Amino acid sequence: MKILIAGGAGYIGSRLIPELITKNHTITVVDKLWFGNHLPKDVIIDTRYVSELTEKDLEGFDQVIFLGGLSCDPMAEFGPWQNFLFNAATPSYLAYIAKKSGVKRFIYASSCSVYGFTQGEPYTEESPTISNYPYGIAKLQGERGVLQLNDSNFSVIALRKGTLSGYSPRMRLDLVVNTMFKTALYNKKITISNLNIWRPILDIRDCIDAYVKAIDNPLVNGVYNICSYNTTIGKIGFEIENFINQKISPENISVITNNIQDFRNYQVKIDKAKKYLEFIPQHILSSTLVDLWNNRLKFQNIDNDYYYNINIFRNLEL
């Protein structure tokens, strides 16, 4: 198929696009390249803003995937107007012109952040979305905007992804698993802000598999939770401590535990994705750590702003 991917040069796209090319899809990326370009050389890249695209630009594409926008809470809080513009209005506009140009499938990168702070049982796609902070609100608005366009001729799916982890050529060290791995390896320290806060964690390889399945099942629409497993921040920290200690014996990793209140606390169920997308996660934390370990020499300059989305964004704004 011919697929356009907005925001395709980032952390997800840099692993997704090579996989799609092996399946003989033709890829065009629309990306401002804030985080550089790690894509295969034959990928067509359009460096305009998505808001500059027109219906004519989308003619001939079979599917459109929106991976763009601001990617985390610190970015959303630093640039609130950009957050609501890029995460809510922009995907809605892209879906609108995609539909008018004859595209049949739209895939939106949503987030489990829409659930906010929850208690008790893991949430399904039907559970309340009570996020009251900028990033979660904007991702929910983006969902509603694109799904409003869903019909028999234009299939829309939103993947509510958990917190990503693992290695990508466009590496990020501002994600909880990656951050703890980095500090344990290079600083011999792990800081756990709150032992009991829950997160749905998504290995990037499972993430890529979810997108591939969404592409291959164009009639499946609606909202789907996507994660590899649910766990607490405390369990992540202590498992990383054990992993690094085994790899670099006899290092003594210092684990610092705090009790900082977090406005995000959620677990999710992925039964719907298992049933309709046939999404079966293959990875747990231990396999993610092996992935990071095997690629550790590719991200040694850990203080470089390049690895931290908020730093890049702040520098661009300044």
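To start, this report covers the structure provided alongside it. (Residues numbered from 1 in each chain as written. Predicted model: local features only at pLDDT ≥ 70, side-chain atom pairs only at ≥ 80, totals over all residues. Heavy atoms only, no water.)

This part takes up the overall build of the protein. A count of helical and extended segments in the protein gives 11 helices and 12 strands. For a compact globule of 318 residues, the expected C-alpha radius of gyration is about 20 Å, and the protein comes in at 19 Å, within 12% of that figure. The principal-axis extents of the C-alpha atoms in the protein amount to approximately 60 × 45 × 40 Å. Looking at the protein as a whole, 54% of its 318 residues qualify as buried. As displayed, the protein offers around 13,600 Å² of accessible surface, 49% of which is attributable to carbon and sulfur atoms. (Helix = DSSP H or I, 4+ residues; strand = E, 2+ residues; numbered from the N terminus. Rg over C-alpha atoms; globule rule 2.2 N^0.38 Å. Buried < 20%, exposed > 50% of the residue type's maximum accessible area, 1.4 Å probe, protein only. Areas by Shrake-Rupley, 256 points an atom, 1.4 Å probe, with all protein chains shown as cover.)

Turning next to the state of the cysteines. Covalently bonding the sulfur atom of one cysteine to the sulfur atom of another cysteine gives a disulfide. Scanning all chains against the criterion turns up 0 disulfides. Cysteine 207 forms no disulfide, and the closest cysteine sulfur to it belongs to cysteine 112, at a distance of 11 Å. Taking the relative accessible area as the measure of exposure, cysteine 207 reaches 0% and is therefore buried. Summary of cysteine pairing: cysteine 227 is not part of a disulfide, and the nearest cysteine sulfur, belonging to cysteine 112, is at 6.4 Å. (Disulfide = S-S within 2.5 Å.)

What follows covers the sheet that holds strand β9 (residues 198-203). What the 3 strands build is an open sheet, ordered β7-β9-β11; its pairing is mixed. This sheet does not close on itself; its edge strands, each paired only once, are β7 (163-165) and β11 (229-232). Each neighbouring strand pair of the sheet contributes to a mean axis angle of 45°, computed without reference to strand direction. Summarising the sheet, β9 and β11 pair through 4 bridges and their orientation is antiparallel. (Pairing = 2+ DSSP bridges. Axes fitted to C-alpha atoms, helices over the stretch in contact; angles between N-to-C directions.)

This next bit is on the nonpolar core. Grouped together as the largest cluster of nonpolar side chains are 75 residues, with contacts concentrated most on Leu159 and Tyr211. Of the residues forming this core, the biggest block, 8 residues, is contributed by helix α7 (residues 204-216). With 22 residues, the next largest nonpolar core counts Phe66, Phe106, Tyr108 and Ala158 among its residues. (Core = buried A, V, L, I, M, F, W, Y, C linked by side-chain atoms within 4.5 Å.)

Tracing the backbone through its elements, the reader meets histidine 283 in the loop between α9 (271-277) and α10 (285-294). Looking at histidine 283, the relative accessible area reads 16%, which means it is buried. Among the polar contacts made by the side chain of histidine 283, one reaches the side chain of serine 287 at a distance of 3.2 Å. Here histidine 283 is in contact with Asp203, Arg205, Asp206, Ser228 and Tyr229, once residues within four sequence places are set aside. (Polar contact = N/O pair within 3.5 Å; in protein donor to acceptor, adjacent residues only side chain to side chain. Contact = heavy atoms within 4.5 Å.)

This next bit is on the packing of helix α1 (residues 13-22) against α7. Contact pair α1 / α7: the axes reach a minimum separation of 10 Å and the direction vectors enclose 50°. Here α1 lies oblique to α7, going by the angle between them. For the pair α1 and α7, the sense of crossing is right-handed. Listed contacts from α7 to Arg15, Leu16, Glu19 and Leu20 of α1 are Ile204, Arg205, Ile208, Tyr211, Val212 and Ile215. Partitioning the contact of α1 with α7 into residue classes produces 7 nonpolar, no polar and 3 charged. (Parallel < 35°, antiparallel > 145°, perpendicular 65-115°, else oblique. Left-handed = near helix turned anticlockwise from the far one by under 90°. Nonpolar A, V, L, I, M, F, W, Y, C, P; charged D, E, K, R; others polar.)

For the rest of this paragraph, the subject is the sheet that holds strand β3 (residues 44-46). Strand order in the open sheet formed by 7 strands is β3-β2-β1-β4-β5-β6-β10, and the pairing between neighbours is parallel. Both outer strands of the open sheet, β3 and β10 (222-226), are each paired with one neighbouring strand and no more. For this sheet, the mean inter-axis angle between neighbouring strands, taken without regard to orientation, is 20°. Here strand β4 (residues 63-66) runs beside strand β5 (residues 105-111); their pairing, made up of 4 bridges, is parallel. Counted as the bridge partner of glutamine 63 is arginine 105 from β5. Strands β1 (2-6) and β2 (26-30) of the sheet are contacted by α1, whose axis makes an angle of about 155° with β2. Seen against the sheet, helix α5 (residues 134-147) touches β5, β6 (155-161) and β10 and runs at an angle of roughly 165° to β5.

Across all of its chains, the model carries 10 salt bridges by this definition. The closest approach of N and O atoms between aspartate 203 and arginine 205, which form a salt bridge, is 2.9 Å. Between lysine 213 and aspartate 209 there is a salt bridge; the shortest N-O distance is 2.8 Å. Of this pair, lysine 213 and aspartate 209 both sit in helix α7, separated by 4 residues, roughly a single helical turn. Note on aspartate 209: relative accessible area 22%, which makes it partly exposed. A network of salt bridges, in which partner residues are shared, links Asp46, Arg48 and Asp57. (Salt bridge = Lys/Arg side-chain N within 4 Å of Asp/Glu carboxyl O.)

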